[in-house]
Each structure stands twice: as structure tokens, then as C-alpha cells.
Amino acid sequence: LPVALAVFACIFGAVAYTGGPYPLGAIGLGHISIAYAGLGDVFTMFYFGLVPVLATYYLNTGFISATAIGFSLIMGSFASAIITVNNIRDVETD
């Protein structure tokens, strides 16, 4: 059941951020959208680091350790770094 919840959370996050009638990337926070508020990195850390690594670790061991949390943060940081590098090249046109 916990893994099924993780899978559904990932699917929801992917669809909600980029699609659907009210994508999270387009929901306004005043004059700023979530995507432009820098929350894409938070979503990336969560959906590419914490959720997949901890779900996999839990599936294999039946519990979650501090080491697994540390490695999930490392993996999420790598994914966030890729997005940061991609966004840096767009700074002048944004």
C-alpha cells in the first residue's frame, strides 16, 4: 500500500505540474506562478529524490533508514542541479 501511494503521488505530481485544467506551473501566486517562484526544484527533490529512492528502499527492506533519506536527498539534488543548469541558460530570455 505505501508503494501504491508513492506511485499515485508521482503520477499526480507529473500530471498536475504540467497538464490538466489547472496545471501547478500556471497557478498564480499574485503575479508569480509556482514554476517561476522556484518551486520546481522542490517538486524535483520530492518526486525524483525522496519518493523513488525511499519507496525502493522500503520495498527491499521493509523500513526507512536515515541513510536512505540521505541518499534520496543526494539523488534529488542531482536532479535539481540538472534543472538549475537548464534554467541558467534561459536567464537572459526570461
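Whatever comes next refers back to the structure up there.
First things first, this report covers the structure right here in the doc. Everything quoted here is computed from the prediction, not taken from an experiment.

## Section: the overall build of the protein chain
Helix and strand content of the protein chain: three helices and two strands. In the protein chain, buried positions account for 22% of the 94 residues.

## What about the packing of aromatic side chains?
All told, the structure shown has three aromatic pairs when counted by the stated rule. On the basis of an interplanar angle of 90 degrees and a centroid distance of 5.9 Å, the ring pair of Y57 and F63 is categorised as edge-to-face. An aromatic cluster is defined as three or more aromatic residues linked by ring pairs; in this entry it consists of F43, F46 and Y47.

## Thoughts on a nonpolar patch on the surface
Taken together, the side chains of Y58, I64, I69 and L73 define a hydrophobic patch exposed on the protein surface, amounting to about 320 Å² of accessible area. By the secondary structure assignment, I64 is in the loop between α2 (40-61) and α3 (66-88). Given a relative accessible area of 44%, I64 falls into the partly exposed group.

## Some points on the side chain of S80
Looking at where S80 falls in the secondary structure, it is placed in helix α3. Taking relative accessible area as the criterion, S80 reaches 11% and is therefore assigned buried.

## Here's the deal with the packing of α2 against α3
The contact between α2 and α3 brings their axes to 8 Å, and the two run at 145 degrees. Here α2 runs over α3; the crossing is right-handed. In contact with D41, T44, M45, F48, G49, L50, V53, L54 and Y57 of α2, α3 contributes A68, I69, F71, S72, L73, M75, G76, S77, A79, S80, I83 and T84. Considered class by class, the residues forming the contact of α2 with α3 number 13 nonpolar, seven polar and one charged.

## Side note on the side chain of S72
For S72, the position within the fold is in helix α3. On the basis of relative accessibility, which here comes to 0%, the residue S72 falls in the buried class.

## Quick notes on α2
Here α2 spans 30 Å end to end across 22 residues, near enough to the 32 Å set by a 1.5 Å rise per residue. Where α2 bends most, at F46, the angle is about 30 degrees. Immediately beyond the C-terminal end of α2, within one or two residues, lies G62, with a positive phi of roughly 90 degrees.

Basis of the calculations
Residues numbered from 1 in each chain as written. Predicted model: local features only at pLDDT ≥ 70, side-chain atom pairs only at ≥ 80, totals over all residues. Heavy atoms only, no water. Helix = DSSP H or I, 4+ residues; strand = E, 2+ residues; numbered from the N terminus. Buried < 20%, exposed > 50% of the residue type's maximum accessible area, 1.4 Å probe, protein only. Phe/Tyr/Trp six-rings, centres within 6.5 Å; stacked < 30°, edge-to-face > 60°. Patch = residues over 30% accessible without salt bridge, like charges linked within 9 Å, V, L, I, M, F, W, Y side chains within 5 Å. Areas by Shrake-Rupley, 256 points an atom, 1.4 Å probe, with all protein chains shown as cover. Salt bridge = Lys/Arg side-chain N within 4 Å of Asp/Glu carboxyl O. Axes fitted to C-alpha atoms, helices over the stretch in contact; angles between N-to-C directions. Left-handed = near helix turned anticlockwise from the far one by under 90°. Contact = heavy atoms within 4.5 Å. Nonpolar A, V, L, I, M, F, W, Y, C, P; charged D, E, K, R; others polar. Expected span 1.5 Å × (residues − 1). Bend = angle between axes of the 7 residues up to and from the residue.

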